[in-house]
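# Reading the structure
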Protein chains: 2
Amino acid sequence: MATIRLHGNPFSTATMRAAASLHEKQLEFEFVLIDMKNGEHKKEPFISLNPFGQVPAFEDGDLKLFESRAITQYIVHEYADKGTQLISKESKKMAKLRLWLEVESQHYDQPASKLVWELMVKPMYGLPTDPAAVEENEGKLGTVLDFYEKTLSQSKYVAGECFTLADLHHLPTIHYLMKTQSKKLFESRPHVGAWVADITARTAWSKVLAMQPLLSSK
Amino acid sequence: MATIRLHGNPFSTATMRAAASLHEKQLEFEFVLIDMKNGEHKKEPFISLNPFGQVPAFEDGDLKLFESRAITQYIVHEYADKGTQLISKESKKMAKLRLWLEVESQHYDQPASKLVWELMVKPMYGLPTDPAAVEENEGKLGTVLDFYEKTLSQSKYVAGECFTLADLHHLPTIHYLMKTQSKKLFESRPHVGAWVADITARTAWSKVLAMQPLLSSK
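Rules used in this analysis
Residues numbered from 1 in each chain as written. Chains lettered and ligands numbered in written order. Predicted model: local features only at pLDDT ≥ 70, side-chain atom pairs only at ≥ 80, totals over all residues. Heavy atoms only, no water. 1 Å grid on protein atoms, 1.4 Å probe; cavity = no way out; pocket = protein on both sides within 12 Å on 5 of 7 lines; lining within 4 Å. Points joined across faces, edges and corners; volume = space filled by probe spheres on them. Helix = DSSP H or I, 4+ residues; strand = E, 2+ residues; numbered from the N terminus. Nonpolar A, V, L, I, M, F, W, Y, C, P; charged D, E, K, R; others polar. Contact = heavy atoms within 4.5 Å. Salt bridge = Lys/Arg side-chain N within 4 Å of Asp/Glu carboxyl O. Polar contact = N/O pair within 3.5 Å; in protein donor to acceptor, adjacent residues only side chain to side chain. Buried < 20%, exposed > 50% of the residue type's maximum accessible area, 1.4 Å probe, protein only.

### Some thoughts on empty space enclosed by the protein
- Evaluation of the coordinates by the stated rule reveals one cavity of 30 Å³ or more.
- The calculated volume of the largest cavity comes to roughly 140 Å³.
- Of all the elements in the fold, those that place two or more residues in the lining of the largest cavity are α3 (68-78) and α4 (91-124) of chain A together with α3 (68-78) and α4 (91-124) of chain B.
- Residues belonging to the lining of the largest cavity are distributed by class as follows: two nonpolar, six polar and six charged.

See the structure below:
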């Protein structure tokens, strides 16, 4: 097998998303740490791997990719027979899975990522949290999670009875938000709360978190 | 073949995106007009098809979907052998195509859609355009299109030498922006300009525009 390289930062949600899919597929990979504090992601050689200057970037032999959700989709299709089966060969199940990949990307991610920024990243850098932005995005995320609650009352995972890539894509933001006041949004919805407990307990996810030595030691 | 139904509005960019893929695949479908001025998209029976109250929604027999990009991906996979080949069977080409689906969704769409809102939709409803929002989003879109220009100087379409779903997803916002001052962002970049001329001239796209009787008669 060609060498797989994931370039990124273990604290970045997008890097964590890509790493989670590699661990679920039980793939060996080399992690290349990008020092974002020193702006390595905005300079060569990284900028040739990701022209938008954002982590992660990915290599599998001579294939070079960026965008975490494109990386995970490549991994689950290319290595369909390894590790956890994160996609489906059945057309209608796959359609539902793709719908949920879009729900995460188009509805869940924006308010969730803004809350991670306000409640987790800003305090780490000594910046003041904007209460109005928190309130607005908790409102938006709550509305989205109402739909998740309805869905998860009918199936164990978002796209059916099996854990798939559509669940996996939520893990990094959920991980951070469960350390903030916004955890109430997940815990107050019983089926969402059970889903969060289930997906965050996965062995592959613990391997992603083990890549964060500084945060783990806090 | 089961009846395919697309529920939406022919002026909505997301509806146009789904319709474009149906026309490229030469599929017969029933178009169900949703009267958004009267809020039909926020009420039953539509809200059962799309819980977020946004057009379009889609049915293929007993399969029900929403999210335009999930609908198009279902169509191109389910009907791979019909009409234009919009995906690839080759793993690395498909990886590049998925990367470009993410570039459109994560980088291009937000500034492009905000410009459509400010320069096209607001004037139609007699609302004032916000010059600061236009300037900010033209700046963001220009930066994104610099990367497109570099890519399109090396290949005819974004993901290679063939027109794919990754090109198609851009069509609705490009169509509207080419009627506004923001057309300069596309035309000032020669390879982007040639790409826009090429993809907007497709027969399938003219069929999408023919669904807009009121706008066509203006």
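### A closer look at the interface of chain A and chain B
- At the interface, 27 residues of chain A touch 27 residues of chain B.
- Where chain A meets chain B, there are two salt bridges.
- A salt bridge links Lys92(A) to Asp62(B); the shortest N-O distance between them is 2.5 Å.
- Viewed at the interface, chain B and chain A are joined by 10 residue pairs in polar contact (both at pLDDT 80 or more).
- Those elements that provide at least two residues to the side of chain A that touches chain B are β4 (63-66), α3, α4 and α5 (131-152) of chain A.
- In terms of residue count, α4(A) provides more of the side of chain A that touches chain B than any other element does, 11 residues in total.
- Split by residue class, the side of chain A that touches chain B holds 12 nonpolar, eight polar and seven charged.

### Here we look at the pattern of salt bridges
- Applying the stated criterion to the full structure yields 26 salt bridges over all chains.
- Ionic pairing is found between Arg17(A) and Glu104(A), a salt bridge with its closest N-O pair at 3.8 Å. Here Arg17(A), found in helix α1 (residues 13-24), pairs with Glu104(A), found in helix α4; they are 87 residues apart in sequence, far enough to count as distant. The pair Arg17(A) / Glu104(A) is uniform in exposure class, with both members buried.
- The shortest N-O distance in the salt bridge between Glu30(B) and Arg5(B) comes to 3.0 Å. Residue Glu30(B) is located in strand β2 (residues 30-33), and its partner Arg5(B) is located in strand β1 (residues 4-8); the two are separated by 25 residues in the primary sequence.
- Judged by its relative accessible area of 37%, Glu30(B) is partly exposed.
- Here the residues in one salt-bridge network are Arg17(A), Arg69(A), Glu104(A) and Asp109(A), joined through shared partners.

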